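Chain and residue survey
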Amino acid sequence: MATKIRLQRGGRKGYAVYRIVIADVRAPRDGKFTEKIGTYNPNTNPATVDLNFDRALYWVETGAQPTDTVRNILKGEGVYLMKHLRGGVKKGAFDEAAAQKKFDAWKADKQKGLDAVRDAEAKAKKDAAAKELEAEKKVNEEIAKKVADKKAAAAAAEAPVEEAPAEEATEAPAAE
């Protein structure tokens with residue numbers, strides 16, 4: 001039986017979430033499958049992958065053919081690197097401990113890169129929020145200034161106008 005490692009779609013319209021499954025080549029996309037080995041959520045940044053590493057490695061070594069997207073996911077998780085390292089162990093190029101050490105170093109470097117992406121995104125979000133707050137403060141100050149000007153104009157219009165005391169004409173008494 002020819003097997004494939006492929007994605008099985010789930011989730012709602014416009015928000016796809018996938019299961020990574022082992023299925024017969026002839027089975028429909030969302031149909032019968034042999035084993036579920038993980039999930040893939042492309043809606044997050046970076047995409048979230050939850051993978052049963054040992055089972056994925058077993059199926060790749062057994063000869064199951066992944067689709068292009070699943071191959072990229074498996075490479076990103078290090079399944080193909082571990083397959084390569086195990087091949088080196090079988091040939092006697094190095095021992096199992098050296099292979100595990102190389103894999104752990106690769107995984108740590110990969111995790112550091114993902115953390116950097118998450119930190120950069122969080123910082124960008126924080127900076128955008130700060131800029132938006134500053135812009136909102138500026139708009140509020142302008143509105144407050146306009147309101148104060150209107151109140152001052154209204155107060156000036158309502159204030160009683162003080163008239164200067166009128167000089168009364170004093171006529172000289174007529175000479176008699």
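The preceding data block contains the structure.
Below or above, wherever it landed, is the structure these notes cover. (Residues numbered from 1 in each chain as written. Predicted model: local features only at pLDDT ≥ 70, side-chain atom pairs only at ≥ 80, totals over all residues. Heavy atoms only, no water.)

**Structural notes on the environment of Gln-65**
Among the secondary structure elements, Gln-65 is positioned in strand β5 (residues 65-66). Among the residues examined, Gln-65 registers a relative accessible area of 45% and is labelled partly exposed. Distance from Gln-65 to Ile-22, taken between C-alpha atoms, is 9.3 Å for residues 43 residues apart in sequence. Setting aside its immediate chain neighbours within four residues, Gln-65 contacts Thr-3, Lys-4, Ile-5 and Arg-71. (Helix = DSSP H or I, 4+ residues; strand = E, 2+ residues; numbered from the N terminus. Buried < 20%, exposed > 50% of the residue type's maximum accessible area, 1.4 Å probe, protein only. Contact = heavy atoms within 4.5 Å.)

**Comments concerning the sheet that holds strand β1 (residues 3-12)**
Pairing in this open sheet of 5 strands is mixed, and the strands run β4-β3-β2-β1-β5 from one edge to the other. This sheet does not close on itself; its edge strands, each paired only once, are β4 (48-51) and β5. As paired elements, strand β2 (residues 15-24) and strand β3 (residues 35-41) share 5 bridges and run antiparallel to each other. By the bridge assignment for β3, Ile-20 is matched with Gly-38. The strands that helix α1 (residues 53-62) touches are β1, β2, β3 and β4; relative to β3, the one it contacts most, it runs at about 115°. Its contacts with the sheet place helix α2 (residues 68-77) against β1, β2, β3, β4 and β5, and it is angled at close to 95° to β1. (Pairing = 2+ DSSP bridges. Axes fitted to C-alpha atoms, helices over the stretch in contact; angles between N-to-C directions.)

**Examining the environment of Arg-55**
Inspection of the secondary structure assignment puts Arg-55 in helix α1. Once the C-alpha coordinates of Arg-55 and Ile-37 are considered, the two residues, 18 residues apart in sequence, prove to be 6.5 Å apart.

**Looking at the pairing of β2**
Sheet topology note: the β1/β2 ladder contains 10 bridges and is antiparallel. Bridge pairing links Ile-5 to Ile-22 in β2. The antiparallel pairing of β1 with β2 creates a hairpin that spans 2 residues between the two strands, and Gly-14 there sits at a positive phi of about 80°.

**Section: the pattern of salt bridges**
Scanning the model with the defined rule gives 8 salt bridges in all. The partner of Arg-55 in a salt bridge is Glu-35, with the nearest N and O atoms 2.9 Å apart. Here Glu-35 lies in strand β3 and Arg-55 lies in helix α1, a separation of 20 residues in the sequence. (Salt bridge = Lys/Arg side-chain N within 4 Å of Asp/Glu carboxyl O.)

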